[in-house]
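One letter stands for each residue in the lines below.
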Amino acid sequence: MLVGAETRLPCRKVMTQKILPIVEARLDEKIRRKVQGLAELTGVTIISDGWTNVSHKPIINCLVSLPLGSYFIAAQDTSGATKDATYIKDFIVKHIQGFGSEHVVAVCMDGACTASFPLIAAECPHVFSFICPAHSLDCFMKNVCSDKGKVRVKGLTDREFDWGEPFLAKMVEQVREVVSFITAHQKTLARYRALCQVVTESERPVGGMELLKACETRFASTLLMLMRYKNVHFVLERLMIDPVYNQWVDGQSRDRRDKAQAVKRIIRSDDIMDTIKVAIQIMEPVYRLLRLCDGKLGANLGKVYGYMLQIDTHLRTGIAALDARKRHKIHELLMARWEYFHAPVMTAAYCLEPEYCRRKFSSQELKELKACLKQMATRDHSYPDILADLADFQEACTSGLFDLTDDVAFSNRAKTMASYKWANVYLSHWPHLKWAACRLLALSCSASGCERSWSVEDWIHSKKRNRLGQTTVERLVRCHTNLVLEDLLKDWESHVLPWELEMVVEEPEDENDC
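For the structure given in this document, a descriptive report is provided here. (Residues numbered from 1 in each chain as written. Predicted model: local features only at pLDDT ≥ 70, side-chain atom pairs only at ≥ 80, totals over all residues. Heavy atoms only, no water.)

**Quick notes on the overall build of the protein**
Here is step 1 of the chain: Along the backbone of the protein there are 20 helices and seven strands.
Here is step 2 of the chain: By the compact-globule yardstick of 24 Å for 514 residues, the protein fits well, its C-alpha radius of gyration being 26 Å.
Here is step 3 of the chain: Reported as C-alpha extents along the three principal axes, the dimensions of the protein are approximately 80 × 75 × 45 Å.
Here is step 4 of the chain: Taking all 514 residues of the protein together, 50% fall into the buried category.
Here is step 5 of the chain: Taking contacts inside the protein between residues at least 6 apart in sequence as the whole, the part at least 24 apart equals 69%.
Here is step 6 of the chain: Total accessible area on the protein is roughly 25400 Å²; 50% of this is exposed by carbon and sulfur atoms.
Here is step 7 of the chain: Averaged over its 68 positive side-chain charges, the protein has a centre that lies 5 Å from the centre of its 66 negative ones. (Helix = DSSP H or I, 4+ residues; strand = E, 2+ residues; numbered from the N terminus. Rg over C-alpha atoms; globule rule 2.2 N^0.38 Å. Buried < 20%, exposed > 50% of the residue type's maximum accessible area, 1.4 Å probe, protein only. Contact = heavy atoms within 4.5 Å. Areas by Shrake-Rupley, 256 points an atom, 1.4 Å probe, with all protein chains shown as cover. Lys, Arg positive; Asp, Glu negative; His and termini not counted. Charge placed at Lys NZ, Arg CZ, Asp CG, Glu CD.)

**Quick notes on helix α12 (residues 301-317)**
Here is step 1 of the chain: Between its first and last C-alpha atoms α12 spans 25 Å; for 17 residues at 1.5 Å apiece the expected length is 24 Å, and the two agree.
Here is step 2 of the chain: For α12, every residue scored as buried is listed here: Leu-301, Gly-302, Lys-303, Val-304, Tyr-305, Gly-306, Tyr-307, Met-308, Ile-311, Asp-312 and Leu-315.
Here is step 3 of the chain: Along its buried surface, α12 packs onto β5 (128-131), α4 (133-144), α11 (270-293), α13 (324-341), α14 (344-352) and α15 (363-376).
Here is step 4 of the chain: For α12, the capping residue at the N-terminal end is Asn-300, with a side-chain oxygen 3.0 Å from the backbone nitrogen of Gly-302. (Expected span 1.5 Å × (residues − 1). Polar contact = N/O pair within 3.5 Å; in protein donor to acceptor, adjacent residues only side chain to side chain.)

**What to know about the environment of Met-308**
Here is step 1 of the chain: Looking at the secondary structure, you find Met-308 in helix α12.
Here is step 2 of the chain: Excluding anything up to four places from it in sequence, Met-308 contacts Leu-289, Leu-334, Met-335 and Trp-338.

**Digging into the sheet that holds strand β4 (residues 104-109)**
Here is step 1 of the chain: Pairing is mixed in the open sheet, where five strands are placed in the order β3-β2-β1-β4-β5. Both outer strands of the open sheet, β3 (69-77) and β5, are each paired with one neighbouring strand and no more. With direction set aside, neighbouring strand axes in the sheet form an average angle of 25°. (Pairing = 2+ DSSP bridges. Axes fitted to C-alpha atoms, helices over the stretch in contact; angles between N-to-C directions.)

**Details of the nonpolar core**
Here is step 1 of the chain: Counting residues in each nonpolar core, the largest one holds 170 residues, and the members touching the most others are Tyr-192, Ile-282, Leu-404 and Trp-422.
Here is step 2 of the chain: If we skip the residues at most four places from it in the chain, Ile-282 touches Val-144, Leu-168, Leu-315, Ile-319, Leu-322 and Ile-330. (Core = buried A, V, L, I, M, F, W, Y, C linked by side-chain atoms within 4.5 Å.)

**A word on a nonpolar patch on the surface**
Here is step 1 of the chain: Where nonpolar side chains cluster on the molecular surface, the patch consists of Met-15, Ile-19 and Val-23 and spans about 230 Å² of accessible area.
Here is step 2 of the chain: With respect to the secondary-structure elements, Ile-19 resides in helix α1 (residues 12-42).
Here is step 3 of the chain: Assessed through its relative accessible area of 33%, Ile-19 is described here as partly exposed. (Patch = residues over 30% accessible without salt bridge, like charges linked within 9 Å, V, L, I, M, F, W, Y side chains within 5 Å. Salt bridge = Lys/Arg side-chain N within 4 Å of Asp/Glu carboxyl O.)

**Details of the packing of aromatic side chains**
Here is step 1 of the chain: In total, this model carries 13 aromatic pairs according to the counting rule given.
Here is step 2 of the chain: Between Phe-181 and Trp-248 the ring centres are 6.4 Å apart and the planes differ by 65°, which places this aromatic pair in the edge-to-face class. With Phe-181 in helix α5 (residues 167-184) and Trp-248 in helix α9 (residues 243-250), this residue pair connects regions lying 67 residues apart in the sequence.
Here is step 3 of the chain: Given the relative accessible area of 6%, Phe-181 is considered buried.
Here is step 4 of the chain: A ring pair is formed by Trp-338 and Phe-341, whose centres lie 5.2 Å apart and whose planes are at 85°; its orientation type is edge-to-face. One end of the pair is Trp-338 and the other is Phe-341, both in helix α13 and three residues apart, which spans about a single turn. The residues Trp-338 and Phe-341 share a single accessibility class, namely buried.
Here is step 5 of the chain: An aromatic cluster is built from Tyr-305, Trp-338, Phe-341, Tyr-350, Tyr-356 and Phe-361, whose rings are joined through pairwise contacts. (Phe/Tyr/Trp six-rings, centres within 6.5 Å; stacked < 30°, edge-to-face > 60°.)

**Here's the deal with helix α7 (residues 221-231)**
Here is step 1 of the chain: Burial analysis of α7 places eight of its eleven residues in the buried class, which makes it a mostly covered element.
Here is step 2 of the chain: Looking only at α7, the buried set comprises Ser-221, Leu-223, Leu-224, Met-225, Leu-226, Met-227, Arg-228 and Tyr-229.
Here is step 3 of the chain: Those residues of α7 hidden inside the fold are in contact with α4, α5, α8 (233-240), α10 (254-267) and α11.

**Concerning the pairing of strand β2 (residues 58-66)**
Put simply, side chains in a regular strand alternate between the two faces of the sheet.
Here is step 1 of the chain: Among the nine residues of β2, eight are classified as buried, and the element is accordingly described as predominantly covered.
Here is step 2 of the chain: Taken together, the eight bridges between strand β1 (residues 44-52) and β2 define a ladder with antiparallel strand orientation. Within β2, the position partnered with Ser-48 by the bridge is Cys-62.
Here is step 3 of the chain: As judged from the eight bridges shared by β2 and β3, these two strands associate in the antiparallel manner. Bridge pairing in β3 places Leu-66 opposite Gly-69.

**Points about the packing of α14 against α15**
Here is step 1 of the chain: Contact geometry for α14 and α15: axes closest at 8 Å, N-to-C directions at 100°. Considering their axes alone, α14 and α15 lie roughly perpendicular with respect to each other. Where α14 approaches α15, its residues Pro-344, Val-345, Thr-347, Ala-348, Tyr-350, Cys-351 and Leu-352 are matched on the opposing element by Glu-365, Glu-368, Leu-369 and Cys-372.
Here is step 2 of the chain: Residues that form the contact of α14 with α15 fall into these classes: eight nonpolar, one polar and two charged. (Parallel < 35°, antiparallel > 145°, perpendicular 65-115°, else oblique. Nonpolar A, V, L, I, M, F, W, Y, C, P; charged D, E, K, R; others polar.)

Worth remembering: the numbers are spatial, not functional.
Following this line, the structure appears as structure tokens:
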């Protein structure tokens, strides 16, 4: 088709009611075939979350999570509906059956939807349901930084703890006071940035030097604020003795001069800096796990379980600056959060994860593994067949049969394979166990794909385009998500987390850094 001066572009009505539905349907059909082809090997995870859009309508979305990305299914306007457990169950089960119940292995949602889990299991007995860990880990960090006397952890037992440890809460408020004072005034912020500009490359910290503020809508924002404050503390000290800054302070009102003096005392306090270091020691490992759960490519439920064991050891024994009472309280609080979001399917994935499969497992871990294998068994892959394969595999791991040796299956080259691909290759002698392992090791460990979908919808359905109908918005989001997934499916690049190493969390570079 030639486009020239006489060409007339379609009007909005034709574009949204005729052209867009056709394009959406064609693209969705093509991507759906590829997704279901991959689901034959790995199975899929249904993820769902709620949001309020720019028109103040409550929306629930539903996506299919794959090892390579997310496939958008629907976003439903729930205005006027009572979003109880039955409503959530009906919404999820409808899309499980619509995609193909035989391909769905698990459902992941936030903790507000736990009441619907038994109802989903009643209609889809083979489907696991678990809570997205990212939200619970973020709540743990908020609890640690609070000064409340009591901390309540929702769950099966609704446990309540005597917390009353304000030593971190006071420090957080002081750091927030410093950040607010410097960023609230144009002169102080400009002088701070000028000092950042002359910092040498050897002194410049990784991740940038802009001061960060804590906010309620971002995971671990308090920890990020503290880490950035610690990294740029030497610049803040230089600011306190800077002649231009002090001249500005001398010309301010008495109230502002008093605040400046309070900020100077905080910045020069060694005790506050020591407390910041302790807070980072407590929360940084948890933040790494949160980042892993919050959509880090290559993550799976087995890695989440294994890393949680490392954090358990770290909080029990690894923080010398904390006295035994505080360390015990913090550890007990984390274990309560773990009990809240832990599900047997995480244990099953841990037992079959290539990095951990040669370990000795406890009786409880083996019990949860067998329960999951029994729940997911089918006519073609019966529970006795899977158990027989599991016994043979464990024996082969011990004796090094069928290439399960350090030179082949556990070599450096094998460690670069995605976990589900490793199972597909090295469990070929045990077809029933291979089927189960590929599905468990490919499960998504969070509902972060839903959050990214909301970001896309917020970009499309902005304040300037708030008259878009929900149907049109849903079609545009589906087209965008499918185009991104199409590129990922073409590249087919599997991301792998390192074995036997702590996962390094790199802070993103600021776009408009100092």
